[in-house]
Amino acid sequence: MRLLKKDEYSLLERLVTLSQKGMHRAMSTYLKTKYKNIIVDEKYIVAIGDIPIALVAHMDTVYSTPVQDLFYDSKKGVMWSPDGLGADDRAGVFAILKILQSDIKPLPSIIFTTDEEKGCVGANALAKYNYPFP
């Protein structure tokens, strides 16, 4: 098992402490620095890549409020919070960001949705959209 590096821990800490709206803002801002063609809706974000592969994660969490207290046990490689970590897919967002930070080419498409924990609201809204991928 590999432990998180300091910059990885900082990134994951930022992700789990954001509200869904904060996450939406941060992801749309970040993706605009990497992609030319991006669709931003209040319920989803789609960045259209160069290859027919899409990486998908949702931006919400089962917890109603973001993490306040976060702990990392570097001996065991475990991150936890008494507030509930909410990393069910914040870890997915983290993994996608790490892939994009590696400057991989060609770029895959990215799909981030909202309110998956409330009935797949973002995914359902995107499913009604005219298919955006080439």
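Our subject is the structure that appears above.
Residues numbered from 1 in each chain as written. Predicted model: local features only at pLDDT ≥ 70, side-chain atom pairs only at ≥ 80, totals over all residues. Heavy atoms only, no water.

S.K.: Honestly, a nonpolar patch on the surface in this entry has me stumped. Any pointers?
M.R.: Taken together, the side chains of Phe71, Val78 and Trp80 present a nonpolar region at the surface, about 280 Å² in accessible area. Note that Trp80 resides in strand S5 (residues 78–80). A residue is classified by how much of its surface remains accessible, and Trp80, at 44% relative accessible area, is partly exposed. (Patch = residues over 30% accessible without salt bridge, like charges linked within 9 Å, V, L, I, M, F, W, Y side chains within 5 Å. Areas by Shrake-Rupley, 256 points an atom, 1.4 Å probe, with all protein chains shown as cover. Salt bridge = Lys/Arg side-chain N within 4 Å of Asp/Glu carboxyl O. Helix = DSSP H or I, 4+ residues; strand = E, 2+ residues; numbered from the N terminus. Buried < 20%, exposed > 50% of the residue type's maximum accessible area, 1.4 Å probe, protein only.)

S.K.: What am I meant to see in unusual backbone geometry here?
M.R.: The phi angle of most residues is negative, glycine excepted, and most peptide bonds adopt the trans form. Following Lys105, the chain continues to Pro106 via a peptide bond in cis, the omega torsion being -10 degrees. You can see Pro106 is positioned in the loop between helix H3 (90–101) and strand S6 (109–113). Of note in the backbone geometry, Asp103 takes a positive phi value of approximately 60 degrees without being a glycine. Along the chain, Asp103 falls in the loop between H3 and S6.

S.K.: What am I meant to see in the nonpolar core here?
M.R.: The nonpolar side chains of soluble globular proteins are, as a tendency, buried together. Leu15, Met27, Leu31, Val93, Ile110 and Phe112 are the most contacted members of the largest nonpolar core, which has 26 residues in total. Contributions of two or more residues to this core are made by helix H1 (6–17), helix H2 (20–34), strand S2 (44–47), strand S3 (54–58), H3 and S6. Residues within four places of Phe112 in sequence aside, it is in contact with Met27, Leu31, Tyr44, Ile45, Ala57, Met59, Val93 and Ile96. Core analysis: the second largest hydrophobic core is formed by six residues, Tyr44, Ile48, Ile111 and Leu126 among them. (Core = buried A, V, L, I, M, F, W, Y, C linked by side-chain atoms within 4.5 Å. Contact = heavy atoms within 4.5 Å.)

S.K.: Just checking my understanding: could you explain the environment of Thr17 for this structure?
M.R.: Examined against the element boundaries, Thr17 turns out to sit in helix H1. In this structure, the C-alpha to C-alpha distance between Thr17 and Asp69, residues 52 residues apart in sequence, is 8.9 Å. Excluding residues within four positions of it along the chain, Thr17 makes contact with Pro66 and Val67. One polar contact links the side chain of Thr17 to the main-chain carbonyl oxygen of Glu13, over a distance of 2.9 Å. (Polar contact = N/O pair within 3.5 Å; in protein donor to acceptor, adjacent residues only side chain to side chain.)

S.K.: Looking at this model, I keep getting lost on the side chain of His24. Mind explaining?
M.R.: Along the chain, His24 falls in helix H2. A polar contact of 2.7 Å, which involves the side chain of His24, links it to the backbone oxygen of Asp41.

S.K.: Sorry, what's going on with H2 here?
M.R.: The α-helix advances 3.6 residues per turn, and as a result positions three or four apart in sequence lie on the same side. Between its first and last C-alpha, H2 extends 21 Å over 15 residues, near the 21 Å set by a 1.5 Å rise per residue. Along H2, the positions that sit buried rather than exposed are Gly22, Met23, His24, Met27, Ser28 and Leu31. Contacts from the buried residues of H2 go to H1, strand S1 (38–41), S2, H3 and S6. (Expected span 1.5 Å × (residues − 1).)

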